[in-house]
Amino acid sequence: MLWNLVVILLAVTALASAGCWLTPNARIAEGLNFGAAAIDCTLVVILLARTPARGIETLDGYLLLDPLGLWVMLCTALVYLLASLHAIGYMRGMHEESARLNRFYGLFSAFALALFLAPLQNNPGLFWISIELTTIVSAFLVAFQRAPETIEAAWKYVIIASAGLSLALLGTVLFYWAGTFAAGPSYNMTWARFATLAPAVNPTLILLAFLLVLTGFGTKVGLAPMHTWLPDAHSEAPAPVSALLSGALLNCAMLGVVRYLLVLRQTRVYPLAQTILVAFGALSLLVAALFITRQTLIKRLAAYSSLEHMGIMAIGFGFGAPFGVIGALYQMLNHSLTKSAVFFGAGNAMHAYHSKQIAKIRRVLDYFPMSGALWLAAAVAITGAPPFGLFWGEITLLRGGMASANTWAVAWTGVFLIVIFIGFLKHFRVMYFGREPAEPPDTTLHWTQVAPLALAVGTVLVLGLWWPHPIWVYLSAIARHFEPT
Amino acid sequence: MSTFHPNGLAAAVFSLLSISALILSFVMLASHWIKNHILAFAIQSWVIAFLSAFIGVSGHYPELILIAFLTALLRGTFLPFLLIRLLDQAHLDREFAPLVQPSSSMVLGAALVLLAYTMALHLGPGARIPDPTALMALTTMLAITLIGFLMLVLRTEALSHLLGLLVIENGIFLGSQILMPGMPLLLELVILFDLLIIVVTFGILVRYLKREVGSTDSRVLRRLVG
């Protein structure tokens, strides 16, 4: 029954993608894409409610449906739905690309399909492939506008992500090799199998393999210092694609890191691995804070904020069960929603003011009372201020940090959260309350460019005022898997 | 029996083939003619194909013979063919402005081989030194991978970056053939096709680059900073 829903989910997305390629009509393509996103979102919510806590496998153990993977899929589905809605108005505004819009939606839904496939993989090798697949599909979305900058961004993205992922492949191969000492030359590689075999192996080998995997998937997560592709790709892609990159792709890559962290849970090097993850997160926070304060381009600002939040999630997972993990997972959902809203607003402002520069965007609230207010709320939310959901994610995670071995990271995170709060909102103060712009912006906004902002900001506001008990129970059940034995 | 333990003759053949693969990556480091790189990559892929076939026959892993055949066909023939076509389309035949002289990059490569050997010494099961075949396989795997990264760092042409990536994957593939011939067939097949997709993606992006930017030198790609 559950697997039928998964098949429907994948089939609907695949058919929508194929349909978009076949139809020359952009209106049909955007309808197909949005329809698929709505169906996917419903199905993921049903799956989330029905799947047992221990997870289920199918297809000889090749596919896995577990609460952790489903949580990542939920973030993907929500962002895909909001971004598909935003894309309708936003992409119609890009008149020079109107002839190729059907291909945009074809790629967009194919990207979503790849993002749904990754969390379902039970075989670490196939997981690696599905992450590689997301790189290739999204590279074409980044390069969609075919300007020199966008091609440069796509180029760097493919080179850096593939080089990083080749390290992850090496790590995967070493994990498999480590397993052969206990299980014989051929065995079924799954996450659970790796975890049972890992404690018997030479800890140096396991640690090296983990470091390779962490560096590899960490490149895709955007952890510093492997983050260099992230600001380029996020800022050059069309806004709905930036939302999907930041709100869905980074989570999928983070899932890879987390699944390997779980493989190490019963080994002696688990605490060391947690500390390394915390250190990577702390470095990412530092880099993000520096670049946010001095930023001049609006979408790069949002991109560096993704770097910040992925760093915080890494720190949370490094702090460990229960609060660190629960906080990091709550952070993941709220970051996906809030960051999508920030990118939608940034895209709208870029179209209205015909510029990527913060300096050219002025007095947003005067020209856009409704969407401007929502964008400002999203900006406040993304800095982790109450009463929005990210605040609770961060507080919970830091509470977990107080009980962990890495208490220094709590103070570190606190300091940089304040720096980023000031640095990030300074740019918004300039955009909202500065002098009059040289020429008034183009104030035409399609309703689909505002509705997803309202939906996302509304949801994170609710999640900030009220943490639903079922979500707490669900996340605590996941966190139990992270306890060292 | 955990890993595959070959007898004397088989071990000698393994060593010969892995070391030739390693030397071929030095050929790539030393030359600035991209055609030579592609040629060396093709030969390296054939060497790995022979190695797979040899392990398949001597270790009774029939599926490896299929892998060997596909490696020779895809990596040894089809990928080099695609790369040479890309090269002709882009009208370039060599790295025009190398960052580091070939001799210096060879020295760096040699240092990386030593590093790989030191790392391999520490990776045996239960903190013991791995047996000679595994040690050699680990060393060549890590060394070729590191040299691939060195090529990524030192080269500026888009195509050389692509070749660097392919060399990294060749290294991983070579090591995994010797260390774990029983690795699931599905995985090896998927990795082979994945490479093909990457090369095609690169081909399309190189075409865009040439059309929109007018060059495929990565040092021109400097607009996005900060």
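Look up a bit, the structure's there.
Summarised in this report is the structure supplied together with it. (Residues numbered from 1 in each chain as written. Chains lettered and ligands numbered in written order. Predicted model: local features only at pLDDT ≥ 70, side-chain atom pairs only at ≥ 80, totals over all residues. Heavy atoms only, no water.)

A word on the interface of chain B and chain A
Note the cut-off: When checking whether two residues touch, look at their non-hydrogen atoms; a contact exists if any pair is within 4.5 Å. The term buried area refers to how much accessible surface (probe radius 1.4 Å) is lost by two components on association, counted for both of them together. Any Lys or Arg side-chain nitrogen located within 4 Å of an Asp or Glu carboxyl oxygen qualifies as a salt bridge. In protein, a polar contact requires one atom able to donate a hydrogen and another able to accept it; more generally it is a pair of N or O atoms within 3.5 Å, and residues adjacent in sequence count only if both atoms are side-chain atoms. Put simply, DSSP marks the helices as runs of H or I at least four residues long and the strands as runs of E at least two long, and each gets a number from the N terminus on. Charged residues are taken to be Asp, Glu, Lys and Arg, nonpolar residues to be Ala, Val, Leu, Ile, Met, Phe, Trp, Tyr, Cys and Pro, and polar residues to be all remaining types, Gly included.
In this assembly, 53 residues from chain B lie in contact with 48 residues from chain A. Counting each side, the surface lost to burial between chain B and chain A is near 4,600 Å², with a carbon and sulfur contribution of 77%. For the interface between chain B and chain A, the tally reads 0 salt bridges. At the junction of chain B with chain A, the criterion picks out 4 residue pairs in polar contact (both at pLDDT 80 or more). Those elements that place two or more of their residues in the side of chain B that touches chain A are helix H5 (132-154), helix H6 (158-179) and helix H7 (185-212) of chain B. The biggest single contributor to the side of chain B that touches chain A is H7(B), with 16 residues. A per-class count over the side of chain B that touches chain A returns 36 nonpolar, 11 polar and 6 charged.

Some words on the packing of aromatic side chains
So the rule is basically this: Two aromatic rings from Phe, Tyr or Trp, using only the six-membered ring of Trp, form a pair when their centres are within 6.5 Å; if the ring planes differ by under 30 degrees the pair is stacked, by over 60 it is edge-to-face, and anything between is tilted.
A full pass over the atoms with the stated rule returns 32 aromatic pairs over all chains. For the pair A:Phe175 and A:Phe194, a centre-to-centre distance of 5.7 Å together with 25° between the ring planes defines the contact as stacked. Within this pair, whereas A:Phe175 is found in helix H6 (residues 148-183), its partner A:Phe194 is found in helix H7 (residues 191-197), the two being separated by 19 residues in sequence. For the pair B:Phe78 and B:Phe81, a centre-to-centre distance of 6.4 Å together with 25° between the ring planes defines the contact as stacked.

Things to note about the state of the cysteines
Residues and elements named next belong to chain A. Heads up, the rule is: Cysteine sulfur pairs qualify as disulfides if the two atoms are within 2.5 Å. Summary of the burial criterion: residues with accessible area below 20% of their type's maximum are buried, those above 50% are exposed, and those between are partly exposed, where the area comes from a 1.4 Å probe applied to protein chains only.
A full pass over the atoms with the stated rule returns 0 disulfides over all chains. With no disulfide of its own, Cys41 lies 11 Å from the sulfur of Cys75, the closest cysteine sulfur. With relative accessibility at 9%, the residue Cys41 sits in the buried group. Between Cys75, a free cysteine, and Cys252, which holds the nearest cysteine sulfur, the sulfur-to-sulfur gap is 9.1 Å. By relative accessible area, which is 1% here, Cys75 ends up buried.

Examining the pattern of salt bridges
Residues and elements named next belong to chain A. One pass over the full model with this rule turns up 10 salt bridges over all chains. As a salt-bridge pair, Arg100 and Glu97 come within 2.5 Å of each other at their nearest N and O atoms. One exposure class covers both Arg100 and Glu97, and it is buried. For the salt bridge of Arg363 with Glu436, the shortest nitrogen-to-oxygen distance reads 3.6 Å.

A look at the environment of B:Gln101
Residues and elements named next belong to chain B. Following the sequence through the fold, Gln101 ends up in the loop between helix H3 (62-90) and helix H4 (102-121). Taking the relative accessible area as the measure of exposure, Gln101 reaches 48% and is therefore partly exposed. Separated by 60 residues in the primary sequence, Gln101 and His161 have C-alpha atoms spaced 17 Å apart.

Here's the deal with helix H12 (residues 298-319) of chain A
Residue and element names in this part refer to chain A. To keep things clear, this is the line we draw: A helix is expected to reach a length of 1.5 Å times the quantity of its residues less one.
The end-to-end C-alpha distance of H12, which contains 22 residues, comes to 32 Å, matching closely the 32 Å that a straight helix rising 1.5 Å per residue would cover. In terms of residue burial, H12 counts as a mostly covered element, since 22 of its 22 residues are buried. Of the residues flanking the end of H12, it is Gly320, one or two places downstream, whose phi is positive at about 90°.

Any functional reading would require information beyond the geometric quantities listed.
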